[in-house]
Amino acid sequence: MVGGRGDSCYFPRDLGRGSYGGDVHCFQQYLSARGYLLEEPTGFFGERTAAAAKRWQKDSGLGYIDGDLETTSRSFFATQNGLPAPGSGRVTMKAQAHEKNTCIDVCAEFTGIQHCQTRCVNDLADKKHACREACQVGFGTACDRAFPASDEGGSANFKICLGYMETSCEDTCKKFRD
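Peer 1: An account of the overall build of the protein is needed here, citing residue identities and associated values.
Peer 2: Helix and strand counts for the protein come out as six helices and two strands. Starting at the N terminus and ending at the C terminus, the protein contains elements arranged as α-α-α-β-β-α-α-α. Since a compact globule built from 178 residues should have a radius of gyration of about 16 Å, the 16 Å found for the protein is in line with a globular shape. In terms of overall dimensions, the protein has C-alpha extents of about 45 × 45 × 25 Å along its principal axes. Relative to its 178 residues, the protein shows a buried fraction of 44%. For the protein, long-range pairs separated by at least 24 residues make up 55% of all intrachain contacts whose partners lie at least 6 apart in sequence. Each charge sign in the protein was given a centre, from 21 positive and 23 negative side chains, and these centres are 3 Å apart.

Structure below.
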């Protein structure tokens, strides 16, 4: 199955006009599944995505409605979907000194181009979140590196590649489910 509902998206960075990647694609899936975005997810955050995000922000009762997915919107999304809030320290990119950590590495490879990401947690119950975030970021970056938008057919292949992200990350991280 290609595509998804986007309710397991991780946003380790702010997103806005001009952003692109796996996190943008995932947010677009979320907006599309809820009727805010009427086009197929592309992985590029343009004006249509911003307009859909504004409608979502307004309907969600968020005070700051600008169409960007900034800290307040990212935190609201995480809380709404039972995910760790960005910046909460539950999922980190590096092991924390003087603390017991569990780190998970996830790699994605396309056309011989590989990209790996690591996420660490202190609480073993958060391993699924570490895996999912590492997979989403690693998969999105590998798609971008293998199919750059500037190459012939790049943006179409990038979009196709990202279409497999949710299913691939589900398979990769299934051993960490509750």
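Peer 1: Tell me about the nonpolar core, residues and numbers included.
Peer 2: By size, the foremost hydrophobic cluster in this structure holds 42 residues, and its most contacted members are F11, L15, F27, L31, F45, W56 and F77. For this core, the secondary structure elements donating two or more residues are α1 (22-33), α2 (47-59), α3 (71-80), β1 (102-110), α4 (127-146), α5 (154-162) and α6 (165-173). By residue number, the principal contributor to this core is α4, which donates eight residues. The contact partners of L15, leaving out residues within four places of it in the chain, are D23, V24, F27, F45, D68 and L69.

Peer 1: Provide a residue-level description of the packing of aromatic side chains, including the pertinent values.
Peer 2: Summed over all chains, the structure comprises nine aromatic pairs. Measuring from centroid to centroid gives 5.0 Å for F110 and F139, while their planes differ by 75 degrees, and the two rings are edge-to-face. One end of the pair, F110, is in strand β1; the other, F139, is in helix α4, with 29 residues separating them in the sequence. In textbook terms, an aromatic cluster arises when at least three aromatic residues are bridged by ring pairs, as seen for F11, F27, Y30, F45, W56, F76 and F77.

Peer 1: A description of α3 should follow, citing residues and the corresponding values.
Peer 2: For α3, every residue scored as buried is listed here: S73, R74, F77 and A78. Each buried residue of α3 lies within a common arc of 135 degrees when the element is viewed along its axis, so the set occupies one face. Where α3 is buried, its residues contact α1 and α2. The opening residue of α3 is E70, an N-cap whose side-chain oxygen sits 2.9 Å from the backbone nitrogen of T72. Where α3 ends, the next residue or the one after it, G82, has phi of about 65 degrees, a positive value.

Peer 1: Got a sec to walk through α6? Specific residues and values, please.
Peer 2: Within the span of α6, buried status applies to M165, E166, C169 and C173. Around the axis of α6, the buried residues are gathered within 95 degrees of arc, so they sit on the same side.

Scoring rules and cut-offs
- Residues numbered from 1 in each chain as written.
- Predicted model: local features only at pLDDT ≥ 70, side-chain atom pairs only at ≥ 80, totals over all residues.
- Heavy atoms only, no water.
- Helix = DSSP H or I, 4+ residues; strand = E, 2+ residues; numbered from the N terminus.
- Rg over C-alpha atoms; globule rule 2.2 N^0.38 Å.
- Buried < 20%, exposed > 50% of the residue type's maximum accessible area, 1.4 Å probe, protein only.
- Contact = heavy atoms within 4.5 Å.
- Lys, Arg positive; Asp, Glu negative; His and termini not counted.
- Charge placed at Lys NZ, Arg CZ, Asp CG, Glu CD.
- Core = buried A, V, L, I, M, F, W, Y, C linked by side-chain atoms within 4.5 Å.
- Phe/Tyr/Trp six-rings, centres within 6.5 Å; stacked < 30°, edge-to-face > 60°.
- Arc of directions from axis to C-beta.
- Polar contact = N/O pair within 3.5 Å; in protein donor to acceptor, adjacent residues only side chain to side chain.

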